[in-house]
Amino acid sequence: DLFYCEASAMELGLADLSAIPTDFLGIPEGCYYFEDQTQGVQGLWLDTNLENKGNGAQVAPGGQSRKPICSASAPPSTSQPFTTTVTTTLPEKHEDEKGEKDNKVVDEEWKVGDIVRVKDNPDERWEYGFVTGVHPLEVKPHGWRKGF
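Calculation rules
Residues numbered from 1 in each chain as written. Predicted model: local features only at pLDDT ≥ 70, side-chain atom pairs only at ≥ 80, totals over all residues. Heavy atoms only, no water. Pairing = 2+ DSSP bridges. Helix = DSSP H or I, 4+ residues; strand = E, 2+ residues; numbered from the N terminus. Contact = heavy atoms within 4.5 Å. Axes fitted to C-alpha atoms, helices over the stretch in contact; angles between N-to-C directions. Salt bridge = Lys/Arg side-chain N within 4 Å of Asp/Glu carboxyl O. Core = buried A, V, L, I, M, F, W, Y, C linked by side-chain atoms within 4.5 Å. Buried < 20%, exposed > 50% of the residue type's maximum accessible area, 1.4 Å probe, protein only. Disulfide = S-S within 2.5 Å.

Student: Talk me through the sheet that holds strand β2 (residues 31-36); I want residue IDs and the actual numbers.
Tutor: Where strands meet in a sheet, backbone hydrogen bonds hold them as pairs that are either parallel or antiparallel. One open sheet holds the 5 strands; their spatial order is β1-β3-β2-β5-β4, and the pairing between them is mixed. Strands with a single pairing partner mark the edges of an open sheet, and in this sheet they are β1 (20-22) and β4 (58-59). Across 3 bridges, β1 lies against strand β3 (residues 41-47) in parallel orientation. Paired with Pro 21 across the bridge in β3 is Leu 46. Here helix α1 (residues 2-12) sits on the sheet and contacts β2 and β3; the angle it forms with β3, its principal contact strand, is near 145°.

Laid out in structure tokens, this is it:
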């Protein structure tokens, strides 16, 4: 699952947090981190080819490696009940009960520690972060010292 692959990379502090799906044959099963030390290239990949089941880590003499990212337990299957909450930041200013204008976050059903995607303005790319507060909602993006 792409989400779990990227969230795991964030937890591990890896440099690349955007997994690229691939169906190449002969690579590690599932989520893995590719590094080529001679070229200075690294990246997060998610294998989707069922024929790679059981393939593990790979290290080549030229400095290339593919290291699987594993978890202690499998992510919940779709047959198990789960809840998804969508949070929307309204693009325009609205008045609150006190008459103050500010952007509001709708549907605050988050828990501290939840992994979410966040960006500070519409032109930025989405990043992963952790919910650090819920009233008001506060998220600490990966690599930041402080949340907002």
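Student: Break down the pattern of salt bridges for me, with residues and values.
Tutor: Tallied over the entire structure, the rule returns 1 salt bridge. Measuring nitrogen to oxygen at the nearest pair gives 3.5 Å for the salt bridge that ties Lys 67 to Glu 35. With Lys 67 in strand β5 (residues 64-68) and Glu 35 in strand β2, the pair connects residues that are 32 residues apart, well separated along the chain.

Student: Can you lay out the nonpolar core for me, pointing to particular residues and giving the numbers?
Tutor: Counting 11 residues, the largest nonpolar core consists of Cys 5, Ala 9, Met 10, Leu 17, Ala 19, Cys 31, Tyr 33, Leu 44, Leu 46, Ile 69 and Tyr 128. Counting residues per element, the ones that place at least two in this core are α1, β2 and β3. The element that contributes the greatest number of residues to this core is α1, accounting for 3 residues. Setting aside its immediate chain neighbours within four residues, Cys 5 contacts Ala 19, Cys 31, Leu 44, Trp 45 and Leu 46.

Student: Residue-level account of the environment of Tyr 128, with values.
Tutor: Among the structural elements, Tyr 128 can be located in strand β11 (residues 127-134). In sequence terms Tyr 128 and Met 10 are 118 residues apart; their C-alpha atoms lie 7.2 Å from each other.

Student: I'd love a proper account of the sheet that holds β11, names of residues and values included.
Tutor: Taken together, the 3 strands give an open sheet; going across it, the order is β10-β11-β12, and neighbouring strands pair in antiparallel fashion. Edge positions in the open sheet fall to β10 (115-118) and β12 (137-141), since each of these has one partner strand only. Neighbouring strand axes in the sheet, compared pairwise and without regard to direction, differ in orientation by 50° on average. Relative to the sheet, α1 contacts β10 and β11, its axis offset from that of β11 by approximately 75°.

Student: Describe the state of the cysteines, listing the residues and the values that go with them.
Tutor: Tallying each qualifying case throughout the model produces 1 disulfide. Covalently, Cys 5 is tied to Cys 31 through a disulfide, its sulfur atoms 2.0 Å apart. On the sign convention where negative is left-handed, the bridge of Cys 5 and Cys 31, at about 70° about the S-S bond, is right-handed. In this pair, Cys 5 is assigned in helix α1 and Cys 31 in strand β2, connecting sequence segments 26 residues apart.

Student: Account for the pairing of β12, with residues named and values stated.
Tutor: Bridge count for β11 against β12 is 5 bridges, and the pairing is antiparallel. Bridge pairing in β12 places Gly 129 opposite Pro 141. A loop of 2 residues connects β11 with β12, the two strands running antiparallel in sequence.

Scope: geometric values only; no functional claims are made or implied.
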